[in-house]
There are 2 protein chains.
Amino acid sequence: MKLEGLSIIGAARGERGGQSFGAVNPATGDELPVKFYRASAQEIERAAQLSAQAFAAFSQSSGAQRAALMKRIAELLEANATTIVERANLETALPAARLQGELARTCFQLRFYGEAAATGLAVGARIDHADPRRKPQPKPDVRSRMRPLGPVVVFGASNFPLAYSVAGGDTASALAAGCTVMVKAHPAHPGTSEIVGALIQHAAREHGAPDGVFSLLFDDGHEVGAALVKHPLVKAVGFTGSRRGGRALMDLAAARPEPIPVFAEMSSINPVFILPGALPRKSEELAAGLHASITLGVGQFCTNPGLVLAERGGAAEAFVQKLANLMTATPPGTMLTAAICSAYYNGIEKFSQTAGVRRVTDVKTEMQKNLAGAALFVTDGNTFLKNRHLMDEVFGPATLVVQCDTHEQMLAAARQLEGQLTATVHGTPADLAGCRDLLAILETKAGRLVFNGFPTGVEVCHAMTHGGPYPATADGRSTSVGTRAIERFLRPVSYQNSPDAALPDELKEPNPLGTWRLVDGKWAR
Amino acid sequence: MKLEGLSIIGAARGERGGQSFGAVNPATGDELPVKFYRASAQEIERAAQLSAQAFAAFSQSSGAQRAALMKRIAELLEANATTIVERANLETALPAARLQGELARTCFQLRFYGEAAATGLAVGARIDHADPRRKPQPKPDVRSRMRPLGPVVVFGASNFPLAYSVAGGDTASALAAGCTVMVKAHPAHPGTSEIVGALIQHAAREHGAPDGVFSLLFDDGHEVGAALVKHPLVKAVGFTGSRRGGRALMDLAAARPEPIPVFAEMSSINPVFILPGALPRKSEELAAGLHASITLGVGQFCTNPGLVLAERGGAAEAFVQKLANLMTATPPGTMLTAAICSAYYNGIEKFSQTAGVRRVTDVKTEMQKNLAGAALFVTDGNTFLKNRHLMDEVFGPATLVVQCDTHEQMLAAARQLEGQLTATVHGTPADLAGCRDLLAILETKAGRLVFNGFPTGVEVCHAMTHGGPYPATADGRSTSVGTRAIERFLRPVSYQNSPDAALPDELKEPNPLGTWRLVDGKWAR
């Protein structure tokens, strides 16, 4: 597949012209082949118009039709795995094995969300039968199902060039919902984006999907993204990235004449609480598990554990020493971009310069090659409670261990936390039975509680919540992983006293599609 | 029950002091007994602090406990029906029979939403079992349930002094979710608000609910409401009222350091489409039904049909004439407030002065007594398409009939509509089978499609959607009526690899509460 460096506008390609940018190999700093041209205002307008026109047809497609399209996209990704992984490796420095795993996850998501559309799980059908004899007024027949919002703009994430980028979770859940998608490609992996985008375009054409069901727009600045979010035909936004970037999009969307929802997954330090019973029994295992979780992918996961809280004591000291040894022995890894690497060092500097915070590791750096060393900080409960910036995310392989004086201080630290994607608790059965106070606080802070495990690794399933109160996400009522992610792009529509023939199939009395439905308050199919 | 005119701050009362205001009888313009004191900054702060403290306990209550509290509130409302209806009648001029019906609906809502909490319907439990043998990574056990957001601010609506005010739908759905509630009383019915608020306070005390689970704050301006929406401890807002008021709250909430969702139900003209087959057969019935729906409660319903579209022709002329006769014969009715009455006449004036719009009725007015006459306007499709202000809501007993030249013109009018709460279609079975084009458009415009009926009257059931794309509501993904309304105030939380003993009852493997749960993708209990 030959890269053209041009945006994908429905079934067509953008124009060569205007400003362009190149992709950079973060491991060498060298520019990779091919120039990518910024989408022009006309291209944005054309993509939006096509997306809205395509929505009229695509929103009427059956769940099974959308599942077939998504399955075909997955097949094409798999058939082109070598090309995709090769380019993604050059653009992100993520190892091939990791990228292969991420591609498998991307394809699983496409199929799994497609299945949720095909089986009607995402349709949320509800039926309340009429009661003509009810007094004082007869009860009408009311049925409802979820309907897609309209064209969705998806911002590709830098840290998941496949699973949260062009054909990633936001795109998959929007397509499953019946929405059309315009992706703003992340400038850190434009070539990967183009390969994947062209395969989606190909699958859409093969399946006779309406022209404009998918577009991909290039830009290395903020203009294209802002124009898309402000476009009146756009009805929702999916974003994974920085807190500042996400908030900027939220503000743009809220200021529109017609405000639209932004589902931004932004920042999280994913606190890990180690209860007293856990440490003496498994400090070795804990140190090894945490180290692996902290340094995985050079710490560039949104579920990276940036904060560990344990009660002070002999076992805690030994645990910190073990973790320190592992962190010190970790070779530096190449980060995704120079900007991310530089932000990492700025974050480390702020922690290092905080009175009462001890840097345990010698951080080996090589900024020119975006090489980041692992960093371990240790502090006490009081210092943590007094310095709110110690709750700021340091995106990369860094973590802060807080040695709390008492259980009460640990609870105070938990109460002070901002919204998180995850919170993890390690403890014996007795510890866990006795920490309802902590769990009750964590439930209000995080979207996912992990027990005796580590937060990295987000299972794609029905029960997953990859979301959490602001600033973890823009809207803590949403998740960007799992079949609930589809619901973000849906709204309920009710049909009152409709003749059966005029009802959509999911709501027809004989249930021709075999959909799960809430009938008079009970689930049935 | 003696009115005190003081805010309700948890289990206590506010202070006498600062500015006060009186309630006005809209039928006479006279001020009613008792002064109501604006909540002070300290009272707002105290209510918010109490609400957050109470949330910690109330959010841990079982659904059955919340159902019992809500049932008790309903019982107390019923036991005090005479007092409530008497005061509400004086403050709103709504007839006693209507208020009795509204009270019954209010009590039904409290019990019905409580039941959804008790049976776990609103908990949305999901379980995905582990698969330790899965490759390449073992699959974890992941379970999720919905959790309450936190303290919720509810703005009482003027047009439903019971069912969408202090103990109304927003309060009932927030309590069912496990949220604590602070109500900003509507200044048009402060006495009714105080009576109902005191009964909730009484029920909360009886049930040992935490102090602060409910507060009620008075203000005849915007300061108290704005302070509540901006308060950092507040996590969501429910509002029913004008588009301007709702948008102001949305903007305040979006500009907070931590943005929060506002569920504002704002404006809708509830278009009624009459297809060609319907008119000749039932023009009499249609005219009578529409007239009743337009003039019900002096047109002060959010689902009031303000727009009727029919294809031009003999039957349409006869229909308009019949409707005109009924509208002209309608005696003027007292509106809720002087401000609403004056806005009604301004709206009518704008329509009257639009070239191409014919006012068919002589509107009898008596502004001093807030008496509003019914108004019928007729125009053609072209005039409607060219004058966007003809889509503005005129809150009151007014409607505009648009005579379309063709089906295509009717579709164009449908496409031009803003978001609506409802859209209604009248037609023969053949009409309805042949209007998929129209229904597909209306699905993107409205939250509820009504077939061969009228939009007023919103059934409280599982499948109801009382919501719609902006500006009908702030967030078209929500409803303010039906059990889905509870979901507005909930967010999902997942538990990964939790020992059964540490799980909440709804998620324990043996399902001790008998909750409906999505287990490995299938609903079961």
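Draft legend 1. Inspection of the overall build of chain A at higher detail. If you tally the helices and strands in chain A, you get 16 helices and 23 strands. Projecting the C-alpha coordinates of chain A onto the three principal axes gives extents of approximately 75 × 65 × 40 Å. Buried residues in chain A amount to 60% of all 525 residues. For chain A, contacts bridging at least 24 residues in sequence account for 75% of all contacts bridging at least 6.

Draft legend 2. Just the sheet that holds strand β12 (residues 272-274) of chain A, in detail. Read from one edge to the other, the open sheet built from 12 strands follows the order β15(A)-β17(A)-β18(A)-β13(A)-β12(A)-β19(A)-β20(A)-β21(B)-β6(B)-β5(B)-β22(B)-β23(B), with strand pairing classed as mixed. A strand with exactly one partner marks an edge of an open sheet, and here the two such strands are β15 (358-359) of chain A together with β23 (522-524) of chain B. Across six bridges, the pairing between strand β17 (residues 375-380) of chain A and strand β18 (residues 398-404) of chain A is parallel. What sits directly across from A:Leu376, in β18(A), is A:Thr399.

Draft legend 3. Region of interest: unusual backbone geometry. Residue and element names in this part refer to chain A. In this structure, the amide linkage connecting lysine 135 to the following residue, proline 136, adopts the cis form with an omega of -5°. With respect to the element layout, proline 136 can be found in the loop between β5 (125-128) and β6 (142-148). Residue proline 471 is reached from tyrosine 470 by a cis peptide bond, and omega for that bond is 5°. Residue position: proline 471 is located in the loop between β20 (446-451) and α16 (484-487). Of note in this structure, valine 298 is not a glycine but carries a positive phi near 50°. In this fold, valine 298 is placed in the loop between α9 (278-295) and β13 (307-311). Overall, valine 298 belongs to the buried group, with 27 C-beta atoms counted inside 10 Å.

Draft legend 4. The pairing of β20(A), seen in detail. Residues and elements named next belong to chain A. Most of β20 sits out of view: five of its six residues are buried. As defined by bridge partners, strand β19 (residues 420-426) adjoins β20 across five bridges and the pair is classed as parallel. Paired with threonine 422 across the two strands is arginine 448, which belongs to β20.

Draft legend 5. Local environment of the domain arrangement of chain A. Residue and element names in this part refer to chain A. Entries for chain A in the domain assignment read domain 1 (8-266 + 478-487) and domain 2 (272-451). Facing 12 residues of domain 1, the contacting portion of domain 2 comprises 12 residues. Here the residues of the side of domain 1 that touches domain 2 are counted per class, giving five nonpolar, five polar and two charged.

Draft legend 6. Focus on the interface of chain A and chain B. If you look at the interface, chain A gives 57 residues, while chain B gives 57 residues. Within the residue set of the side of chain A that touches chain B, elements represented by two or more residues are β5, β6, α8 (243-254), α14 (429-433), α15 (436-445), β20 and β21 (490-496) of chain A. Here the side of chain A that touches chain B gets six residues from one element, more than from any other, and that element is β21(A). Looking at side-chain class alone, the side of chain A that touches chain B contains 28 nonpolar, 16 polar and 13 charged residues. Sheet topology note: the β20(A)/strand β21 (residues 490-496) of chain B ladder contains three bridges and is parallel. Counted as the bridge partner of A:Val450 is B:Gln496 from β21(B).

Draft legend 7. Spotlight on the relation of the copies chain A and chain B. Rotating chain A by 180° and moving it 0.0 Å along the rotation axis overlays it on chain B with an RMSD of 0.0 Å. What we have between these two chains is a two-fold relation. A shared interface surface links the copies, since 100% of the contact residues of chain A are contact residues in chain B too.

Draft legend 8. The arrangement of the environment of A:Glu206 in detail. Residue and element names in this part refer to chain A. Residue placement: glutamate 206 occurs in helix α6 (residues 190-206). Judged by the 12 C-beta atoms lying within 10 Å of it, glutamate 206 falls in the exposed class. In the structure, glutamate 206 is positioned 94 residues away from glutamine 300 in sequence and 36 Å away in space, judged by C-alpha atoms.

Draft legend 9. Looking closely at the sheet that holds β5(A). Pairing within the open sheet is mixed, and its 12 strands lie in the order β23(A)-β22(A)-β5(A)-β6(A)-β21(A)-β20(B)-β19(B)-β12(B)-β13(B)-β18(B)-β17(B)-β15(B). Lying at the two open borders of the sheet, with one neighbouring strand each, are β23 (522-524) of chain A together with β15 (358-359) of chain B. By the bridge criterion, five bridges tie strand β13 (residues 307-311) of chain B to strand β18 (residues 398-404) of chain B in an arrangement that is parallel. Residue pairing across strands places B:Val308 opposite B:Val401, the latter belonging to β18(B). In the packing of helix α10 (residues 314-328) of chain B onto the sheet, the strands contacted are β13, β17 (375-380) and β18 of chain B, and the crossing angle to β17(B) comes to about 160°. Its contacts with the sheet put helix α15 (residues 436-445) of chain B on β6 and β21 of chain A together with β12 (272-274), β19 (420-426) and β20 (446-451) of chain B, and the angle it makes with β20(B) is roughly 140°.

Draft legend 10. The arrangement of the packing of helix α7 (residues 223-230) of chain B against helix α8 (residues 243-254) of chain B in detail. Residues and elements named next belong to chain B. It is at 9 Å that the axes of α7 and α8 come closest, and there the two elements cross at 35°. Note on packing geometry: the crossing formed by α7 with α8 is right-handed. Within the contact between the two elements, α7 uses Ala226, Val229 and Lys230 and α8 uses Leu249, Leu252 and Ala253. Of the residues assigned to the contact of α7 with α8, the class counts are five nonpolar, no polar and one charged.

Draft legend 11. Broad picture of α8(B). Residue and element names in this part refer to chain B. The end-to-end C-alpha distance of α8, which contains 12 residues, comes to 16 Å, matching closely the 16 Å that a straight helix rising 1.5 Å per residue would cover. Listing the buried residues of α8 in full gives Gly246, Leu249, Met250, Leu252 and Ala253. The arc that holds every buried residue of α8, seen down its axis, measures 165°, which confines them to one face. Looking at the packing, one finds that the buried side of α8 touches α7, β10 (236-240) and β11 (262-265).

Draft legend 12. Local environment of the pairing of strand β3 (residues 20-24) of chain A. With four bridges connecting them, β3(A) and strand β4 (residues 31-37) of chain A associate as antiparallel partners. Across the sheet, residue A:Phe21 finds its bridge partner in β4(A), namely A:Phe36.

Draft legend 13. Expanded view of α10(B). Residue and element names in this part refer to chain B. For α10, which comprises 15 residues, the first-to-last C-alpha distance of 21 Å matches the rise-based estimate of 21 Å (1.5 Å per residue) to within 8%. Along α10, the residues that are buried comprise Ala315, Ala316, Phe319, Val320, Leu323 and Met327. For α10, the buried positions fall inside an angular range of 135° around the axis, keeping them on one side. Lining the buried residues of α10 we find α9 (278-295), β13, β17 and β18.

Draft legend 14. Region of interest: the environment of A:Pro276. All names here are of chain A. Among the secondary structure elements, proline 276 is positioned in the loop between β12 and α9. For the pair formed by proline 276 and alanine 315, sequence separation is 39 residues and the distance between their alpha carbons is 8.8 Å. Apart from residues no more than four positions distant in its own chain, proline 276 is found in contact with Glu311 and Asp431.

Quick notes on the rules
- Residues numbered from 1 in each chain as written.
- Chains lettered and ligands numbered in written order.
- Predicted model: local features only at pLDDT ≥ 70, side-chain atom pairs only at ≥ 80, totals over all residues.
- Helix = DSSP H or I, 4+ residues; strand = E, 2+ residues; numbered from the N terminus.
- Buried ≥ 20, exposed ≤ 12 C-beta atoms within 10 Å, placed from the backbone.
- Contact = placed C-beta atoms within 7 Å.
- Pairing = 2+ DSSP bridges.
- Domains from an automatic or database assignment.
- Nonpolar A, V, L, I, M, F, W, Y, C, P; charged D, E, K, R; others polar.
- Least-squares fit on C-alpha atoms with pLDDT ≥ 70 in both.
- Axes fitted to C-alpha atoms, helices over the stretch in contact; angles between N-to-C directions.
- Left-handed = near helix turned anticlockwise from the far one by under 90°.
- Expected span 1.5 Å × (residues − 1).
- Arc of directions from axis to C-beta.

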